[in-house]
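# Structural overview for review
Below, each chain spelled out in residue letters.
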Amino acid sequence: MSTSTSWVNGATLYQVYPRSFADTNNDGVGDLKGVLSKLDYIKSLGVDGVWLSPFFTSPMRDFGYDVADYCNVDPLFGTLAAFDALVIAAHDHGLKLMIDQVYSHTSDQHSWFRESRHNTENSKSDWYVWADPKPDGSPPNNWLSVFGGPAWSWDASRRQYYLHNFLSEQPDLNFHQADVQDAILKVARFWLDRGVDGFRLDVINYCFHDAELRNNPPSAHAHGSRPYFYQRHIYNRSRPEALTFAARLRALTANYSDRALLGEVFSDAPLERARDYCAGDDRLHTAYSFHFLNAPRLDAALIQEAVEASAESSLTWSFSNHDVPRAVTRWGAQFDRATQNSFAKLLIALLTAMRGAIIFYQGDELGLPQAELNFEDLQDPEAKRFWPETLGRDGARTPFPWRRDDPNAGFSGSKPWLPVDRRHTAMAADTQENDTASVLSFARQAIANRQKNPRLRAGGIRVAHQSETIISIERTNAAGATRCIFNLGETAQDISALAIGRRTFAHHCEEKDGSVALKAFGVAFFDDDH
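All of these numbers come straight from a predicted model, not from anything done at the bench.

## Comments concerning the packing of helix H10 (residues 337-352) against helix H14 (residues 439-451)
Packing of H10 against H14 leaves a shortest axis separation of 9 Å and a crossing angle of 15°. On the basis of their axis angle, the class for H10 and H14 is roughly parallel. In the packing of H10 onto H14, the handedness of the crossing is right-handed. On H14, the residues touching Asn 341, Ala 344, Lys 345, Ile 348, Ala 349, Leu 351 and Thr 352 of H10 are Val 439, Phe 442, Ala 443, Ala 446, Ile 447 and Arg 450.

## Focus on the side chain of Thr 12
Structurally, Thr 12 is set in strand S1 (residues 12-16). If we skip the residues at most four places from it in the chain, Thr 12 touches Val 47, Asp 48, Gly 49, Ile 358, Phe 360, Ile 447, Arg 450 and Gln 451.

## Concerning the side chain of Arg 326
One can find Arg 326 in the loop between strand S12 (316-317) and helix H9 (327-332). Those residues in contact with Arg 326 that lie beyond four places of it in its chain are Ser 320, Tyr 361, Gln 362, Gly 363, Asp 364, Leu 368, Pro 369, Gln 370, Gly 395 and Ala 396.

## Some words on the pattern of salt bridges
Within this structure, the stated rule accounts for 35 salt bridges. Linking Asp 276 and Arg 273 is a salt bridge whose minimum nitrogen-to-oxygen distance equals 2.9 Å. Remark: Arg 273 and Asp 276 occur in helix H7 (residues 270-277); sequence separation between them is three residues, near one turn of the helix. One salt bridge in this structure joins Glu 372 and Arg 423, with 3.9 Å as the shortest N-O distance. You can see Glu 372 sitting in the loop between strand S13 (357-361) and helix H11 (381-386) and its partner Arg 423 sitting in helix H12 (residues 422-426), a full 51 residues away along the chain. Accessibility expressed as a relative area gives 32% for Arg 423, which makes it partly exposed.

## Observations regarding H14
Along its 13 residues, H14 runs 18 Å from first to last C-alpha, staying within 8% of the 18 Å computed at 1.5 Å per residue. For H14, the buried fraction is high: ten of the 13 residues fall into the buried class. Residues of H14 that are buried: Val 439, Leu 440, Ser 441, Phe 442, Ala 443, Arg 444, Ala 446, Ile 447, Asn 449 and Arg 450.

## So, unusual backbone geometry
For Phe 63, which is not glycine, the phi dihedral falls at a positive 55°. Position of Phe 63 among the secondary structure elements: in the loop between strand S3 (56-57) and strand S4 (69-73). With a relative accessible area of 7%, Phe 63 lands in the buried category.

## A look at the environment of Ala 220
If you trace the backbone, Ala 220 turns up in the loop between strand S9 (198-201) and helix H6 (241-253). Residues Ala 220 and Tyr 230 lie ten residues apart in sequence; the distance between their C-alpha atoms is 8.0 Å.

## Points about the sheet that holds strand S6 (residues 130-131)
As a general point, the strands of a sheet are linked pairwise by backbone hydrogen bonds and lie either parallel or antiparallel. Overall, antiparallel pairing links the three strands, which are arranged S6-S8-S7 in an open sheet. Bordering the open sheet on either side are S6 and strand S7 (152-155), each of which pairs with just one other strand. Note that S7 and strand S8 (residues 160-163) share four bridges and pair antiparallel. Paired with Ser 153 across the two strands is Tyr 162, which belongs to S8.

## Structural notes on the sheet that holds strand S10 (residues 260-264)
Pairing in this open sheet of eight strands is parallel, and the strands run S11-S10-S9-S5-S2-S1-S13-S12 from one edge to the other. This sheet does not close on itself; its edge strands, each paired only once, are strand S11 (286-288) and S12. Summarising the sheet, S1 and strand S2 (residues 49-52) pair through four bridges and their orientation is parallel. Across the sheet, Val 16 pairs through a bridge with Leu 52, a residue of S2. Sheet strands touched by H10: S12 and S13. Its angle to S13, the strand with the most contacts, is close to 155°.

## Looking at the state of the cysteines
Summed over all chains, the structure comprises zero disulfides. Left without a disulfide partner, Cys 71 is nearest to the cysteine sulfur of Cys 207, which lies 16 Å away. Summary of cysteine pairing: Cys 509 is not part of a disulfide, and the nearest cysteine sulfur, belonging to Cys 484, is at 13 Å.

## Observations concerning the environment of Arg 297
Structurally, Arg 297 is set in the loop between S11 and helix H8 (300-310). Note: C-alpha distance between Arg 297 and Gly 332 (35 residues apart in sequence) is 8.4 Å. Among all residues touching Arg 297, those that are not within four sequence positions of it are Leu 302 and Trp 331. A distance of 3.5 Å separates a polar atom in the side chain of Arg 297 from a polar atom in the side chain of Asp 299.

## Section: the nonpolar core
Core analysis: the largest hydrophobic core is formed by 154 residues, its most contacted members being Phe 83, Tyr 103, Leu 298 and Phe 486. Not counting residues up to four positions away in its chain, the partners in contact with Phe 83 are Leu 32, Leu 52, Phe 55, Val 73, Leu 97, Ile 99, Trp 191 and Val 196. Ranked by size, the runner-up nonpolar core spans ten residues in total, among them Ile 470, Ile 485, Val 516 and Leu 518.

## Some points on the layout of surface pockets
The volume enclosed by the largest pocket comes to roughly 1300 Å³. Taken together, 45 residues form the lining of the largest pocket, with His 223, Phe 229, Phe 266, Phe 290 and Asn 294 sitting closest to its centre. Residues that form the lining of the largest pocket fall into these classes: 17 nonpolar, 15 polar and 13 charged.

## Some thoughts on H7
Of the positions making up H7, those classed as buried are Pro 270, Leu 271, Arg 273, Ala 274 and Tyr 277. Looking straight down H7, one finds that the buried residues subtend no more than 165° of arc, so they occupy a single side. Contacts from the buried residues of H7 go to H6, S11, H8 and S12.

Criteria and thresholds
Residues numbered from 1 in each chain as written. Predicted model: local features only at pLDDT ≥ 70, side-chain atom pairs only at ≥ 80, totals over all residues. Heavy atoms only, no water. Axes fitted to C-alpha atoms, helices over the stretch in contact; angles between N-to-C directions. Helix = DSSP H or I, 4+ residues; strand = E, 2+ residues; numbered from the N terminus. Parallel < 35°, antiparallel > 145°, perpendicular 65-115°, else oblique. Left-handed = near helix turned anticlockwise from the far one by under 90°. Contact = heavy atoms within 4.5 Å. Salt bridge = Lys/Arg side-chain N within 4 Å of Asp/Glu carboxyl O. Buried < 20%, exposed > 50% of the residue type's maximum accessible area, 1.4 Å probe, protein only. Expected span 1.5 Å × (residues − 1). Pairing = 2+ DSSP bridges. Disulfide = S-S within 2.5 Å. Polar contact = N/O pair within 3.5 Å; in protein donor to acceptor, adjacent residues only side chain to side chain. Core = buried A, V, L, I, M, F, W, Y, C linked by side-chain atoms within 4.5 Å. 1 Å grid on protein atoms, 1.4 Å probe; cavity = no way out; pocket = protein on both sides within 12 Å on 5 of 7 lines; lining within 4 Å. Points joined across faces, edges and corners; volume = space filled by probe spheres on them. Nonpolar A, V, L, I, M, F, W, Y, C, P; charged D, E, K, R; others polar. Arc of directions from axis to C-beta.

As structure tokens, this is what we get:
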């Protein structure tokens, strides 16, 4: 267990997907000046900082997660000067600024790859993962891409295959080469020197591959519409060498004042792998997995597993992000709008009760459902590839609804890159702003409740009670306990036996004749101070 502290431990973060947040130059795509213009709003939520998704130079085949220049801003989003202004403004607002870093792969348009693919003898020939074909011309092994098909593409120039765990336009860097690691650390220094407060490290457990290129074994739990999930990915991700590189990153940040490393870990053993990456004081400060993000339903058992994992590890939690369908739809598509609003409030409160850092994705605070898009409106290559078997990622990336009485929801003065869902327009921020019963109002109250309670930010954690529909999470410190009780069901539940101390925060909670009941998706926090 890590004994060191960082600003990110216990922090509340707000993820901004800049393409869809606010557009100031009316080209239909959000930009850095747009983020700067909305810092007052972000600050009003009560969060500690912002995680900013990629804004780097990119051909946008994966919308910025295919980086062509690690140390520059794509013109779509602005300039380095605009980024520097954003850093200063965020700090003036008392907000930390954490940026994405995509280290496991680059764009095929990156100068490194262009040189590497030229021949087998240039200075960067081994900076990517190249391999000869089998005697029959087929790829060197059975590894599969997350986005479908083999994880290998043929390059006619080198007459070899190159590895790409994602799109073929996203070749994997060869971290077995010391020069690659050194180059990536130089990139990290570039942004640390510009004043960022830390990095969210995209799929950090993909940074190394098995040097012997051994075949992945089949999975005993094959599922879904993607061949990728029919393998156990023990050779193309989560290799032990990646932990050594994490230690190098940690040592680098130690040269700066209070910088944080937050790792994204994508694994079929999500909680175990996430704990690996933040174990001890020489790895990442915290890590998050897809334990909640990929879960098909929310139940007490799922929550208990997360609570137990976080009791001894510095983990981070979120229910939605730019890569998965929004939680309100993923777990509550069957509910009507009013019920979804109550469910959204439960999710917000539940997240504030978790130990470790927590992340709200833009729109969570409004209770937004997954946007509905026609096939012809899709932009995401993953969504197109697996349509209609999955909801895709575009539905979580549509423009943020700022204003109700605007055809583009106040996001842009021209046609947005993705359509605005009219259900979102009805839930716009300006509509909810002065409504004390709104999801936005509740989100601010829930975050404020966490921020003022040291037990919720940094206390111990355990499950005090669990049934089919009720879970009680207890957060403790030397001064006492805070019990957070949640009704995960659609019928009222008596919680009189669980209620302790003074009620400090609640939703759909009723007290009558000495009994305490939670209505559908009700929430109640009680403080019991010594």
